[in-house]
Every structure is written in C-alpha cells, then in structure tokens.
Amino acid sequence: FDVPKITPERSDEFKQMAKSYLEEAKKNTSQAYQLAVSLYQMEAYATSLDVLEFSEDSTGKDWLKIELLILNKKYIEALDFSFEIEKKYHSNPNTIFETLYY
C-alpha cells in the first residue's frame, strides 16, 4: 500500500524553520536569494517562492522564480513571467530558447 510522501513543508519542524527563513528574508534582503535556494534544494517550493519575493532583483532571481512557478503549478503566472523575462533580457541570444524551454 502507498504511504503518502511527507514533504518538508508538511512537517511541524519545517513550518517553524520556514517561518524563521521568511522573517530573515524580510530583515535581510541580501540573503533572501540564498535562503530561497536552500528551500528549493529541500523541495520546499512554495516557501521558496515566498522567500524569493524578498530578494533583490537579479538574473538568478528571475530564472529561479520561473522554475518555482512551474514547480508550484502556477502555469499561467509562469507563462506571463516568461514574457517579462524575454523583454528584460532580450539582448541575450539564449533568452528566447530558455524561456521556450520552460
């Protein structure tokens, strides 16, 4: 019989940790991106997306955001955001290919 996988975001311990990550991201926006990446690596995609919103604008933030939108099944938002990325990074010849890939 199948046992449902307990994702990091469902455990009580994780909820406390996520709360502390969010608080730290609000206080220290320069560390928010790294906190979001850490959460991404723990497969805590929804919380990672929340934390990422506090990070400073960067190329890495944009590409992580589109991936997190897809992982969170926010497909329409991801599609809309892909158009923003294409406009923002139009001078990079790989941008169209990369956004189409997503």
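Residues numbered from 1 in each chain as written. Predicted model: local features only at pLDDT ≥ 70, side-chain atom pairs only at ≥ 80, totals over all residues. Heavy atoms only, no water.

Colleague: Outline the nonpolar core, supporting the account with residue identities and numerical values.
Modeller: If you look at the biggest cluster of nonpolar residues, it comprises 22 residues, and the most contacted ones within it are Leu 39, Val 51, Leu 64, Ile 66 and Ile 85. Not counting residues within four places of it along the chain, the set of residues in contact with Leu 64 comprises Tyr 33, Ala 36, Val 37, Tyr 40 and Leu 52. (Core = buried A, V, L, I, M, F, W, Y, C linked by side-chain atoms within 4.5 Å. Buried < 20%, exposed > 50% of the residue type's maximum accessible area, 1.4 Å probe, protein only. Contact = heavy atoms within 4.5 Å.)

Colleague: Before we move on, can you summarise the environment of Glu 56 with the specific residues and values?
Modeller: Mapping Glu 56 onto the fold places it in the loop between helix 3 (45–52) and helix 4 (59–71). The class for Glu 56 is partly exposed, based on a relative accessible area of 47%. For Glu 56 and Asn 28, which are 28 residues apart along the polypeptide, the C-alpha to C-alpha distance reads 10.0 Å. (Helix = DSSP H or I, 4+ residues; strand = E, 2+ residues; numbered from the N terminus.)

Colleague: Can you explain unusual backbone geometry? Please cite residues and give values.
Modeller: Excluding glycine, a negative phi dihedral is what most residues carry, and trans is how most peptide bonds are arranged. Although it is not a glycine, Glu 43 adopts a positive phi angle of roughly 65°. Under the relative-accessibility criterion, Glu 43 is labelled partly exposed at 38%. Positive phi values are uncommon outside glycine, yet Lys 73 reaches one of about 60°. Position of Lys 73 among the secondary structure elements: in the loop between helix 4 and helix 5 (75–88).

Colleague: Can you explain helix 1 (residues 12–27)? Please cite residues and give values.
Modeller: Between its terminal C-alpha atoms helix 1 stretches 23 Å, which fits the 22 Å expected from 16 residues at 1.5 Å a residue. Every buried residue of helix 1 is accounted for by Phe 14, Ala 18, Tyr 21 and Ala 25. Projected down its long axis, helix 1 carries its buried residues within an arc of 60°, all on one side. For helix 1, exposure combined with an orientation more than 90 degrees from the buried face picks out Asp 12, Glu 13, Gln 16, Lys 26 and Lys 27. Those residues of helix 1 hidden inside the fold are in contact with helix 2 (29–41) and helix 3. (Expected span 1.5 Å × (residues − 1). Arc of directions from axis to C-beta.)

Colleague: Break down the side chain of Ser 82 for me, citing the residues and quoting the values.
Modeller: Note that Ser 82 resides in helix 5. For Ser 82, a relative accessible area of 5% puts it in the buried group. Residue contacts for Ser 82: discarding those within four places in its chain leaves Ile 66 and Thr 99.

Colleague: Describe a nonpolar patch on the surface, listing the residues and the values that go with them.
Modeller: Taken together, the side chains of Phe 97, Tyr 101 and Tyr 102 define a hydrophobic patch exposed on the protein surface, amounting to about 400 Å² of accessible area. One can find Phe 97 in helix 6 (residues 95–101). (Patch = residues over 30% accessible without salt bridge, like charges linked within 9 Å, V, L, I, M, F, W, Y side chains within 5 Å. Areas by Shrake-Rupley, 256 points an atom, 1.4 Å probe, with all protein chains shown as cover. Salt bridge = Lys/Arg side-chain N within 4 Å of Asp/Glu carboxyl O.)

Colleague: Would you mind going over the packing of helix 2 against helix 3 in detail, with residue names and values included?
Modeller: At their nearest, the axes of helix 2 and helix 3 sit 8 Å apart, and the two run at 175° to each other. Relative to helix 3, the element helix 2 lies roughly antiparallel. Note on element contacts: helix 3 touches helix 2 through Tyr 45, Thr 47, Ser 48, Val 51 and Leu 52, opposite Ala 32, Tyr 33, Leu 35, Ala 36, Leu 39 and Tyr 40. When its residues are assigned to classes, the contact of helix 2 with helix 3 shows 9 nonpolar, 2 polar and no charged. (Axes fitted to C-alpha atoms, helices over the stretch in contact; angles between N-to-C directions. Parallel < 35°, antiparallel > 145°, perpendicular 65-115°, else oblique. Nonpolar A, V, L, I, M, F, W, Y, C, P; charged D, E, K, R; others polar.)

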